[in-house]
Amino acid sequence: MFSSVSASGVRKHSFSIVLAAIVAGMAACSTDEGPAATVSPSELNPLFAKGGTALSPQVLAEGQRIFRFDTFGDETYWTDTLHMPDTISKVVSPLAALGLGLKVDIDALPASLQAALAAGDVDLNSPATTTVLLSHDAVVGLKGTVSGTTLTRVGITCALCHSTVDNSFAPGIGHRLDGWPNRDLNVGEIVALSPSPVISTALRAILKSWGPGRYDPRINFDGINTPLVMPGAYGLRQVALETFTGDGPVSYWNAYVAITQMHGHGTFVDPRIGVSVSNPPELVGPKLDALRAYQFSLSAPAGVATDRAAVQRGKDVFMGAGGCATCHYGVAFTDVNDGILHSPASVGQDATYANRTATKMYRTTPLRGLWHPPQLQGPYFHDGSAPTLEAVVAHYVTTFGLTLSSQQRADLVTYLKTL
Ligand code: HEC
Ligand code: HEC
């Protein structure tokens, strides 16, 4: 993720094939400056419009394959530059992998291996076992190539950060939950395992400081460190602009991450942020449509409703005295579909991350999958500054000077848990 790709050499009017393909669908609302202030969701998101492209089963299956297993050729980074196969073979036993927040897809294992696992006949302290798991594509988000009993190549996929498991077999081992953020995953510690000098001592210290469920997707360009909470990649079908700062539609961001963070092969150029990366051949662009279709098919997990009367009272606060629905409205609970973004100060958020992005603003986060323990229970806001939903409400009480009784605050939290 952190090789020294040059952010210079940006030529105006030189959108890459990738970005050109993405903006082609937004013709009227795209300029060199990026999406204009007012965007129409149907122009950005073909599935949003009535009669939009149907999700064909073949395209969805292909999108799922890409999301789970496609590395876009990023083995050239994770293997040739970071030497992760050596590291994994030497120090990453299955227990160590689970400790780093990696997840195991039980369905990928043959029945005999599942039975051996259940019987405690598998050595979970041996890195050799991790290679066996990788040979079955069972480590979520890691794609290994195994020759005999040797792990020769490793790459990463979207599922690394945006999938977890339901723990049905054991903690960290179960059925895949695609689109769910992996809030246990310690990406920083994993990258810091690499012996490569590409990871400087200073960067290594930063990586180790992030902790689980956090990642900074811009540090390799600007050197600034404001790690973000790993968001879900679900529940976005009716959201016009993605990312905490609404930098672009879903395929814009998918291309950004695949090429500039995962180090997949392709070209990504965005003059708004001074990023220009060319890493041929183009293995990302042709996959974006199927990948997007699959993401749009992923619904957020249903919320948890316990006390129906409290939920109704909380909803009333949300719509009324809390003022929440001024910004969190509509089917996706966000005003971004009307082209609205918010300055950091106006929503009481730290400006440091926003200032590193194309818009310098924050998008009203679509409220979905807010509470589903143990996988989903905060933290909230882009930087995780609110550890709990109670803290979210406290933030708004302070920022907007709300007068809400403790009963109203509790009811509001109960309502948020149903979203
Ligand atoms: C190393 C971890 C990591 C990997 C790998 C990764 N992402 Fe992300 N993803 C993030 C983080 C962190 C953000 C938050 C960025 C932001 O909002 O500015 C994010 C944001 C997103 C969003 C926006 C969510 C929202 O609420 O708007 C989508 C969609 C997404 N990623 C999809 C993908 C896809 C598809 C891939 C594979 C091409 C991928 N991600 C790979 C960490 C990752
Ligand atoms: C002026 C617009 C505005 C109002 C009013 C508003 N929000 Fe937000 N909300 C935002 C923005 C912008 C963000 C993203 C902030 C960030 O990530 O730093 C956000 C984020 C959130 C999140 C975090 C979601 C996540 O997954 O991290 C929750 C929960 C939330 N708001 C609930 C509320 C509640 C409850 C109220 C009413 C008390 C409210 N909001 C009022 C704009 C608003």
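Definitions and cut-offs
Residues numbered from 1 in each chain as written. Chains lettered and ligands numbered in written order. Predicted model: local features only at pLDDT ≥ 70, side-chain atom pairs only at ≥ 80, totals over all residues. Helix = DSSP H or I, 4+ residues; strand = E, 2+ residues; numbered from the N terminus. Buried ≥ 20, exposed ≤ 12 C-beta atoms within 10 Å, placed from the backbone. Contact = placed C-beta atoms within 7 Å. Near = placed C-beta within 6 Å. Nonpolar A, V, L, I, M, F, W, Y, C, P; charged D, E, K, R; others polar. Core = buried A, V, L, I, M, F, W, Y, C linked by C-beta atoms within 7 Å. Domains from an automatic or database assignment. Arc of directions from axis to C-beta. Axes fitted to C-alpha atoms, helices over the stretch in contact; angles between N-to-C directions. Left-handed = near helix turned anticlockwise from the far one by under 90°. Pairing = 2+ DSSP bridges.

Focus: the overall build of the protein
Move 1: A count of helices and strands for the protein gives 18 helices and 12 strands.
Move 2: Here the protein, with 419 residues, has 45% of them falling under the buried criterion.
Move 3: For the protein, restricting intrachain contacts to residue pairs at least 6 apart in sequence, the fraction spanning at least 24 positions comes to 66%.

Thoughts on the site of ligand 1
Move 1: The environment of ligand 1 is made up of 25 residues, and the closest members are Cys158, Cys161, Glu242, Thr243 and Phe244.
Move 2: When residues of the shell around ligand 1 are traced back to their parent elements, those giving at least two are helix 9 (159-162), helix 13 (250-261) and helix 14 (288-297).
Move 3: A total of five residues in the shell around ligand 1 trace back to one element, the largest contributor, which is helix 13.
Move 4: Classifying every residue of the shell around ligand 1 gives 19 nonpolar, five polar and one charged.

Examining the site of ligand 2
Move 1: Close to ligand 2 lie 23 residues, the nearest being Gly322, Cys324, Cys327, His382 and Tyr396.
Move 2: Looking at the shell around ligand 2, the elements that each hand over two or more residues are helix 17 (389-400) and helix 18 (406-416).
Move 3: The leading source of residues in the shell around ligand 2 is helix 17, at three residues.
Move 4: Within the shell around ligand 2, the residues separate by chemical class into 14 nonpolar, nine polar and no charged.

Notes on the nonpolar core
Move 1: Ranked by size, the top nonpolar core spans 91 residues in total, and within it Val139 and Ala255 carry the most contacts.
Move 2: In terms of residue count, the dominant contributor to this core is helix 13 (seven residues).
Move 3: Both domains that meet at this core, namely domain 1 (1-299) and domain 2 (308-416), each give it at least three residues.
Move 4: Apart from the residues lying within four places of it in its own chain, the contact partners of Val139 are Ala97, Leu102, Val104, Leu133 and Leu134.

Focus on the environment of Tyr294
Move 1: Mapped onto the elements, Tyr294 comes out in helix 14.
Move 2: Classification of Tyr294 as buried rests on a count of 24 C-beta atoms within 10 Å.
Move 3: Distance in space between the C-alpha atoms of Tyr294 and Gly63 is 4.9 Å, their sequence separation being 231 residues.
Move 4: Here Tyr294 is in contact with Leu60, Gly63, Gln64 and Phe67, once residues within four sequence places are set aside.

A closer look at helix 5 (residues 84-91)
Move 1: Taken together, the buried positions of helix 5 are Met84, Pro85 and Ile88. Projection of helix 5 onto a plane perpendicular to its axis shows the buried side chains occupying an angular sector of 100°, all on one side. Summarising the geometry of helix 5, the exposed residues directed more than 90 degrees from the buried face are Lys90 and Val91.
Move 2: Among the structural elements, helix 4 (75-81), helix 8 (127-135) and strand 5 (150-156) are those in contact with the buried residues of helix 5.

Remarks on unusual backbone geometry
Move 1: Look at the link from Pro373 to Pro374: it is a cis peptide, with omega at 5°.
Move 2: Within the secondary structure, Pro374 is located in the loop between helix 16 (351-354) and helix 17.
Move 3: Here the residue pair Gly378 and Pro379 is connected by a cis peptide bond, since its omega of 0° sits within 30 degrees of zero.
Move 4: Relative to the elements of secondary structure, Pro379 occurs in the loop between helix 16 and helix 17.
Move 5: Of note, the phi angle at Thr243 is positive, near 75°, even though the residue is not glycine.

Points about the packing of helix 13 against helix 14
Move 1: With their axes 10 Å apart at the nearest point, helix 13 and helix 14 run at an angle of 115° to one another. Note on packing geometry: the crossing formed by helix 13 with helix 14 is right-handed. Here Val250, Ser251, Asn254 and Ala255 of helix 13 lie close against helix 14, whose contacting residues are Leu288, Leu291, Arg292 and Gln295.
Move 2: Partitioning the contact of helix 13 with helix 14 into residue classes produces four nonpolar, three polar and one charged.

Digging into the pairing of strand 4 (residues 142-147)
Move 1: Two elements, strand 4 and strand 5, share six bridges in a ladder whose sense is antiparallel. The residue of strand 5 that forms the bridge with Gly144 is Val154.
Move 2: What sits between the antiparallel neighbours strand 4 and strand 5 is a turn of two residues, in which Gly148 has the positive phi angle 65°.

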